[in-house]
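# Topology and contacts: notes
Listed below are the residues making up each chain.
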Amino acid sequence: MHYIKSELLKKGMDDVIISFDEAEGRQLKFVNNKVVKTGSELTSSINIFCTKDKKIISTSLKDISKSKADELIKKVINFSKNVSPNEDYNGIAKGPFKYKTNSDYDKKIIDMNESDILEKAINKALESSKRVAGNLEIWDLKHCLVTSNNVEAEDNSSGLYFSIRAFNENDESGHMNCCSNTLRDFEIEKTAERAAEIATLAKDPKEAKLGRYPVIFSHMAFAPLLNNIAEATSIYNVEAGFSFLQKLNQKYGDFTLMDDATLQDSINSCRFDEEGVPTRRTVMIDNGILKTYLHNTSTAKKYNVETTANAGLVSPKPFNIVFDCKKGDVFDVKEGIYITNIWYTRYQNYSAGDFSTIPRDGAFLIKNGKIVQSLKGLRISDNMLNLLKNIQCCNKKVLQIKSWEAEIPTFTPEVLINNINITKPTQ
Amino acid sequence: MKEVAEFYLKKAQELGCKYVEVRAERRSLSGFILKNGNPDISGFDIISGIGIRYLINNNLGFVSTNNFDREKILHVLKKSINTTRNSSKISKDIYFSDEKKETANYKVSQKEKIRDFTEDRKLNILKEIDKEINKLPQRYLTLHDEIAEKYYINSEGSVISSVIPRISLMYFLTITENNKSIQRYMPNGASSGYEILKKWNLAKRIPEEVELLRNNLKDGISQTKGKMDLVIGSEVTGIAVHESVGHPYEADRILGREAAQAGESFVNLNMINTQIGAKIVNVVEDPTLENSYGFYLYDDEGIKARKKYLIKNGMINEFLQNRETAFELKNKSNGCSRANNYDVEPLIRMSNTYVGAGDSSEDEIIKETKKGIYMKSYMQWNIDDKRFHQRYTGSEAYLIENGKLTKPVFAPVMEVTTPTLWSSIDMIGKKVEMYAGNCGKGQPMQGIPVYFGGPMMRLKNITIQ
């Protein structure tokens, strides 16, 4: 890393960031109660970001040897001669920095026999459901970084991820995920039990009636929407037209949205961002008011603000999304719908916030705070700004959720949102 | 790549694997972003590595690494086999269909070669387009090229080498008028050299499209709800056939293998020969289309690719299969197994999926529609995970009155079930057009290049929301 950095600087590059990543991971994929594939992976890579006269180049080196590094450096120099400057580029962070301690790291995870805990989880779910499918994943990562601005940093992380979908009869299913960076906090059996519980509650679903309802979003259902909302706070997405959060200091509702890469128990915490700035907790939306976008050093300088330590060298990005709002009984509704999972969120217009998404797995009609009927065939067709404005309250229990559609770990409670438009095929 | 692949095939066999296949891959890529006229970041990369899939005691294992150090690979291979053995008590026995061994070496030729295009020429392609639309407040353009070299071998004697170049250019635009906005996202892609850009002609096509969308935003009416005929353009036909025919006919979904990720299917194994659409509907899946974005001649299990009819005369005709599902269904694989990179297992994937041509001209379809909507393009769409309930929201759309397009319509919505959609078709155009996409499936998520398309079609008596 140091060699590549110094050679690139010698050859006239202005800013250089070199990172090294080594990852070992395994996966057990199970279907119809049985493992159908084991997966194992070992990768390493040196990633290179460098600039010359505001021209930005990125590449990587996988075959790590001096001769391959020299070859790559030559290519980078030639490449830089043929590309154009990014007039918005304003440099990288100046070090050195001091870093706080690591988030929880469990080096034993990668050497565990994961099939034993998976067997227990599958059996737990099968106590009250007919079949299950999902994944168990474990990993161990090493990450270090040096820059031309006197930054040297390193971090280790470990993780476990479990996703289980339980089924009974046709259209009766429940899905629950959990993740942790230590085996100690990994609630795999509880998660399996909850997926099966939702599948059981989903018995004999009926078509819902069209209309506007108060909707209670479970942890799994709200996390993908929070991913969308947090990504809309990246200044890059605002500039490119991918964001419905277009005005700073505007009130969008009554809730708080944060990014926090320092959480001890998150699978995605990191001591530093992609340019080596020590990470922190950033409140993007404070009591409904959009206080800041997510920035790296370069975008922050453009807008005359401080970096929020969210580099992304191309696009600033959240690490761990944290949501909060007024506490209350989310089920305290006269008539509403409880949604336990969503998928396929798509926008008609990102900047206006027009979107639709499809509840999947258990969805329930709630009357006077109680589940009275399992539902199917729903779609939420609404606008993100309306949704934010109508956030009412959340319960106290916060879970860390990562899922197919919530790739950024999200710490969320269950949330009640009023006046959500429910549509379905009318033919 | 060849030597390494052969070495590990042998090693895996020595370690007790009954069946082994090795994919050694090398992808050379470059990419460029132009955001609001400003070159954002440019990059190049070489992604190379090896993926080994094996059966040991009839349990399936997959291992991958980008480290070509023989000791390291051997170490991860042994560790992987241990994991597979440790899981055997809770594992399913997996069998593959018997298939013919294949030997092949093929490549897609390029007239204007990727390696001959300098970085400034590539960036200029985006700048030329941007110059024509630089009055728009937000323009996001990306260009990527790659040359994917693959060497595949398996323990049954198949040996297949391929070289496929790909170009993709995506634009995402925000058009504003009187404090309102409309957005357009469109990927273009092909297995080709840079000569494909002439065919795409984007510097001319995009500004024309922007003007039509601006008219839609300015003058589009939204009070066009209720039952009427809906004419969908080839772009909407394409997304509909991909989502509601291609996906539910993937045999792994039908058997539940993707249940916790991309979902299952409303189709079951007994539905072959079931009437699912109008008799004039034929749906084709064909990886062998020259220069298509989903092009390949052999899949990632070494099976020769072929054209197949998913729907023939409105009846379900064939599912997409790999060797695992073919064994369960007691037939042969039809070559749909694809992995988007060396480091992931191959899954059943679409390639180029389209509705076959009908016998009406586009003019005839409009002319014969008394009252309806023409939804030429779309922005938002989604479908449930069994592929039964779907929604498409129009971008460029028009009212049809007495056989003529009379005024633009703003964001008409069709929310419909799959059988209703395919049974309502009573006219199909002659001209088939294809659109590029990156289809997502699996865990880890694999985005894979595909085409989807077809002709203009008319759906009778559809509720527009």
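Residues numbered from 1 in each chain as written. Chains lettered and ligands numbered in written order. Predicted model: local features only at pLDDT ≥ 70, side-chain atom pairs only at ≥ 80, totals over all residues.

All names here are of chain A. Each assigned domain of chain A is listed here: domain 1 (2-200) and domain 2 (205-423). Put simply, the middle of domain 1 and the middle of domain 2, counted by C-alpha atoms, are 23 Å apart. With 36 residues of domain 1 at the interface, the matching set in domain 2 holds 32 residues. Broken down by secondary-structure element, the contributors of at least two residues to the side of domain 1 that touches domain 2 are β4 (131-147), β5 (151-167), β6 (173-180) and α4 (188-201). When residues in the side of domain 1 that touches domain 2 are grouped by element, the largest group, seven residues, is from β6. Here the residues of the side of domain 1 that touches domain 2 sort into 15 nonpolar, 14 polar and seven charged. (Domains from an automatic or database assignment. Contact = placed C-beta atoms within 7 Å. Helix = DSSP H or I, 4+ residues; strand = E, 2+ residues; numbered from the N terminus. Nonpolar A, V, L, I, M, F, W, Y, C, P; charged D, E, K, R; others polar.)

As a further point, take unusual backbone geometry. The omega angle of the peptide bond from Ala311(A) to Gly312(A) is 20°, so this bond is cis rather than trans. For Gly312(A), the location among the structural elements is in the loop between α7 (297-302) and β12 (321-325). Even without a glycine there, the phi angle at Asp171(A) is positive, about 65°. Along the chain, Asp171(A) falls in the loop between β5 and β6. According to the C-beta neighbour criterion, Asp171(A) is partly exposed, with 19 such atoms within 10 Å. One non-glycine residue, Asn57(B), lies in positive phi territory at about 50°. Locating Asn57(B) in the fold gives a position in the loop between β2 (38-56) and β3 (59-65). A count of 12 C-beta atoms within 10 Å places Asn57(B) in the exposed class. (Buried ≥ 20, exposed ≤ 12 C-beta atoms within 10 Å, placed from the backbone.)

Take the pairing of strand β17 (residues 370-376) of chain A next. Residue and element names in this part refer to chain A. Of the pairings in the sheet, the one linking strand β7 (residues 206-207) to β17 comprises two bridges and is parallel in character. When the sheet's bridge partners are listed, Glu-207 is paired in β17 with Lys-376. Pairing between strand β16 (residues 363-367) and β17: five bridges, direction antiparallel. Residue pairing for β17: Leu-365 is matched across the bridge by Gln-373. Where β16 folds back onto β17 in an antiparallel hairpin, the turn is made up of two residues, including Asn-368, whose phi is positive at roughly 50°. (Pairing = 2+ DSSP bridges.)

Residues and elements named next belong to chain B. By the bridge criterion, five bridges tie strand β15 (residues 371-375) to strand β18 (residues 397-401) in an arrangement that is antiparallel. Looking across to β18, one finds that Met-375 is bridged to Ala-397. Inspection of the sheet shows β18 paired to strand β19 (residues 404-408) by three bridges, in the antiparallel sense. Note on β19: the bridge partner recorded for Glu-401 is Lys-404. In textbook terms, the turn of a hairpin is the stretch between consecutive antiparallel strands, and for β18 and β19 this stretch comprises two residues, one of which, Asn-402, has a positive phi near 50°.

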